[in-house]
Amino acid sequence: MHLFELWNPGMPDTVPSINTVSPDLNPQWRDIISQLSYPSFITNERSEVLAWNDKAGEVLSDFGKQPASERIMLRLLFLDQGLRRRMLNWEEFALYSVAVFRTYYDMHLHDPWYKDMVVKLCEDSMDFADMWKLHNIQGKKVNRVVIQSLGTNQSVTYDINSVASLADHPCLHICIYTPVAESLESN
């Protein structure tokens, strides 16, 4: 399926930039994630974090203190050393994340943002460069991550569910980190 999507003879020579969504998201979307008790955020295919709830700020990263240009989950995964140390299955999750990103990269070959991001991440992270060279592709699916709570030795296992196709913006996803029952019982 991936090869058929790459081979699209009807595809225009120039592809509009994916960043057609205004940073001023529908307030209802923000309300939805703010009411969730689990870490949740809205992102696009570039993995730019556009909105988040307080729990995501506590568990993942203090998104509010970061400039929007650096609030990119893939970038944080490789460059935020605190998040990386607390993510106990970091390598497995990073391999999956790079493969998903490559899928979007391949779909948007004419969008210079993707190429610039890959070049910058390859310069800033040898781990990213090595994983990028694998040329893995992966569709988005429920994935699992284990994160150590700040200031403790306890960890929580989350299933990351991605709800896509928000209204007229199919490139947006609400990502919800749902604690796995076994992790709740062990804590």
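Our structure is the block above this text.
Remember, predicted model here, so these are calculated numbers, not experimental data. (Residues numbered from 1 in each chain as written. Predicted model: local features only at pLDDT ≥ 70, side-chain atom pairs only at ≥ 80, totals over all residues. Heavy atoms only, no water.)

(A) Highlighting the packing of aromatic side chains. Summed over all chains, the structure comprises 14 aromatic pairs. Here the aromatic rings of Tyr105 and Tyr114 are separated by 6.4 Å at their centres, their planes lie at 80°, and the arrangement is edge-to-face. You can call Tyr105 buried: its relative accessible area is 18%. Among the aromatic residues, those joined into a cluster by ring pairs are Phe78, Trp90, Phe101, Tyr105, Trp113, Tyr114, Phe128 and Trp132. (Phe/Tyr/Trp six-rings, centres within 6.5 Å; stacked < 30°, edge-to-face > 60°. Buried < 20%, exposed > 50% of the residue type's maximum accessible area, 1.4 Å probe, protein only.)

(B) View of the environment of Ile42. With respect to the helices and strands, the residue Ile42 is situated in strand 1 (residues 40–43). On the basis of relative accessible area, Ile42 is assigned to the buried category, the value being 0%. Along the sequence, Ile42 and Ile174 sit 132 residues apart, while their C-alpha atoms lie 4.5 Å from each other. (Helix = DSSP H or I, 4+ residues; strand = E, 2+ residues; numbered from the N terminus.)

(C) Geometry of the nonpolar core. Of all hydrophobic cores here, the largest spans 38 residues; its most connected members are Leu60, Phe78 and Tyr177. Elements that contribute at least two residues to this core include exactly helix 3 (54–59), helix 4 (73–79), helix 6 (90–107), helix 7 (112–124), helix 8 (126–132), strand 3 (143–148), strand 4 (155–166) and strand 5 (169–179). The dominant element in this core, judged by the number of residues it contributes, is helix 6, at nine residues. If we skip the residues at most four places from it in the chain, Leu60 touches Phe41, Leu83, Arg86, Ile147 and Tyr177. Ranked by size, the runner-up nonpolar core spans nine residues in total, among them Leu25, Ile42, Leu50 and Ile176. (Core = buried A, V, L, I, M, F, W, Y, C linked by side-chain atoms within 4.5 Å. Contact = heavy atoms within 4.5 Å.)

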